[in-house]
Every structure is written in structure tokens, then in C-alpha cells.
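Each chain, letter by letter, is given below.
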Amino acid sequence: MLGIILLGPPGAGKGTQAKKIAAQFSIPQISTGDMLREAVKQGTEMGRQAKSFMDQGGLVPDEVVIGIVKDRLQAPDCAKGFILDGFPRTIPQAEALDRVTKELNKEIRVVLSLEVDEKELMERLCGRRTCTGCGAMYHVKFNPPKAAGKCDKCGTALIQRDDDKEETIRTRLVNYKKMTEPLLRYYQGSGKIRSVRATGDIDAIYAGIAKILQ
Ligand code: AP5
Ligand code: MG
Ligand code: ZN
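Please read all numbers here as calculations on a predicted model, not as lab measurements.

### Thoughts on the coordination of the zinc ion (ligand 3)
Then step 1. Summarising the metal site, the zinc ion (ligand 3) is bound by the protein donors Cys 131 (SG), Cys 134 (SG), Cys 151 (SG) and Cys 154 (SG), whose distances to it range over 2.3 to 2.4 Å.
Then step 2. Every donor residue of the zinc ion (ligand 3) comes from the same chain, spaced as C-x2-C-x16-C-x2-C. Placement of Cys 134 in the loop between strand 5 (128–131) and strand 6 (137–139) and of Cys 151 in the loop between strand 6 and strand 7 (158–159) is noted, with a sequence separation of 17 residues between them.

### Details of the pairing of strand 3 (residues 81–85)
Then step 1. Buried residues dominate strand 3, accounting for five of its five residues.
Then step 2. Side chains Gly 81, Ile 83 and Asp 85 project from strand 3 onto one buried face, and the interleaved Phe 82 and Leu 84 project onto a second face that is buried too.
Then step 3. Here strand 1 (residues 2–7) runs beside strand 3; their pairing, made up of five bridges, is parallel. Across the sheet, Ile 5 pairs through a bridge with Leu 84, a residue of strand 3.
Then step 4. Taken together, the three bridges between strand 2 (residues 29–31) and strand 3 define a ladder with parallel strand orientation. Residue Ser 31 lies in a different strand from strand 3, and its bridge partner there is Asp 85.

### As for the sheet that holds strand 2
Then step 1. If you walk across this open sheet you meet the five strands as 2-3-1-4-8, and the pairing is parallel. The open sheet has two free edges, formed respectively by strand 2 and strand 8 (193–197), since each of these has just one partner strand. Each neighbouring strand pair of the sheet contributes to a mean axis angle of 25 degrees, computed without reference to strand direction.

Parameters at a glance
- Residues numbered from 1 in each chain as written.
- Chains lettered and ligands numbered in written order.
- Predicted model: local features only at pLDDT ≥ 70, side-chain atom pairs only at ≥ 80, totals over all residues.
- Heavy atoms only, no water.
- Donors = N, O, S within 2.8 Å, 3.2 Å for Na, K, Ca; no water.
- Helix = DSSP H or I, 4+ residues; strand = E, 2+ residues; numbered from the N terminus.
- Buried < 20%, exposed > 50% of the residue type's maximum accessible area, 1.4 Å probe, protein only.
- Pairing = 2+ DSSP bridges.
- Axes fitted to C-alpha atoms, helices over the stretch in contact; angles between N-to-C directions.

Next up, the structure:
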């Protein structure tokens, strides 16, 4: 059972690296952010509630995201493993995950902590572009698409995320420090945490991650 947690601040590259792990190890990426954005797009009641928190750079209430993850982990494609991207994000979420994995007979093998200097995060998030068709991620400067504004993989138009505005990014970073960073200490005792310097070439960072996972 290859259960992986990707920890790291907004813009650390959790989504970028999760997609590579998912492709190589044939396990699903479980991004609570992506699932919440999908609910917003579908206009569900949960999405409507989540949107107000997300637009302000705040966290969606624990019980909502815990419920989403618990359901998702029971899907058949999680039988061999899974990559949690953006969950847990608070101590109560981490405690809930401990309970849920036990209950579902699953195991977290490794917690990868992606480390990037704070000043780089802002630049990464301001320049991020996302494909609405296939979810691929780009950066106008660090990882540009071949044709401006268009996805290399599927040709769909690229968009900027609603919460990638300077003001909102600042709040997200503050909330990360306050609510999520304490998880590093939470997992320190488990012996499962591995730090990954996540600056520089995307493929080189991934090579380091793949080595840890093998
Ligand atoms: P979420 O979608 O999880 O956003 P986040 O944590 O802020 O992280 P990002 O997705 O912005 O960054 P990333 O680490 O995935 O980086 P990426 O690979 O895209 O959450 C959004 C919101 O949903 C939250 O604010 C909250 O409201 C809610 N939410 C979600 N989960 C929740 C939870 N568990 N509890 C409560 N609320 C929750 O990379 C960023 C950019 O950098 C890209 O442009 C990329 O191309 C570029 N890049 C990547 N790697 C490199 C590199 N090595 N060098 C240069 N550029 C790079
Ligand atoms: Mg992401
Ligand atoms: Zn695409």
C-alpha cells in the first residue's frame, strides 16, 4: 500500500509532482483543492459553501474536507495506494486521517514535505496557468506552454485560478503558516516524514521523489 501525503505551502508544486507520481506508480492523485473547485463548478450546495472560504484564501471547514477524503479513499482505484495533495491541512484533519486509514485498513507510507522559499511562492502562483480540459499546470515563465494560452496536451484554453490574486495568495500563505505548518511536527515523530528541496528543475525534483518512493 503506497499511501503518500504531499505537504507544502501554496505553490510548492504539490499538484505538479503529484501528477508525475500518479503517472509512474499508477495510483490516484487526491487533491482536495481540485475536488472543491469541481464542486464549485458543478454548483452543488457543498461547492457553494466552499467557494466563500476559497475566494478569501481561508480553509474550508474540517468536517467537509474530511468527509470528501473518506469517501474518495473507498473508491476501488485507491486499493494499491493514493497521493493526498493538500490534505491534511490542519491537526484535526491529520487526526481524522489517522482514524480513517485505520478503519479502512490503509496505510500512509511516507509524508513528503516540499520546501520552497517564501519569496518564490508568490511568483510561482501569480504566473500559474491551469488547463480546464485536462488539469495540466503551466507557468508563464518557469514552465510555459508551447503556444501561449493553450494546453500542450489537449489544446484547451488555459485559465488563471480565482484564488491566485496577490492579496488572496498572501492570506493563503498566512493560513499555511498558522494551520498547516504545525503538521510537520505532528508527523516528525512518526518517522515517515521526508524533506524535499523543491526549487529548481521540475524533473530533477521528481527524480529525488521517485528515489524516495522506490
Ligand atoms: P489547493 O488547491 O490545495 O491550493 P494550495 O495548497 O494553495 O496549493 P496550490 O495548488 O496553489 O499549489 P501546489 O503546491 O499544488 O503547486 P503547483 O504544482 O500548482 O487549495 C485551494 C483552496 O481549497 C484552499 O485555499 C482552501 O480554501 C481549500 N482547501 C483545499 N484543501 C483543503 C483542506 N484540506 N482543508 C481546508 N480547505 C482546503 O505549482 C504552482 C506553480 O508553480 C505552477 O505554475 C507550476 O507550474 C509552478 N512550478 C511547480 N514546480 C516548480 C518549480 N520547481 N520551479 C518553478 N515553478 C514551478
Ligand atoms: Mg495544487
Ligand atoms: Zn489540457
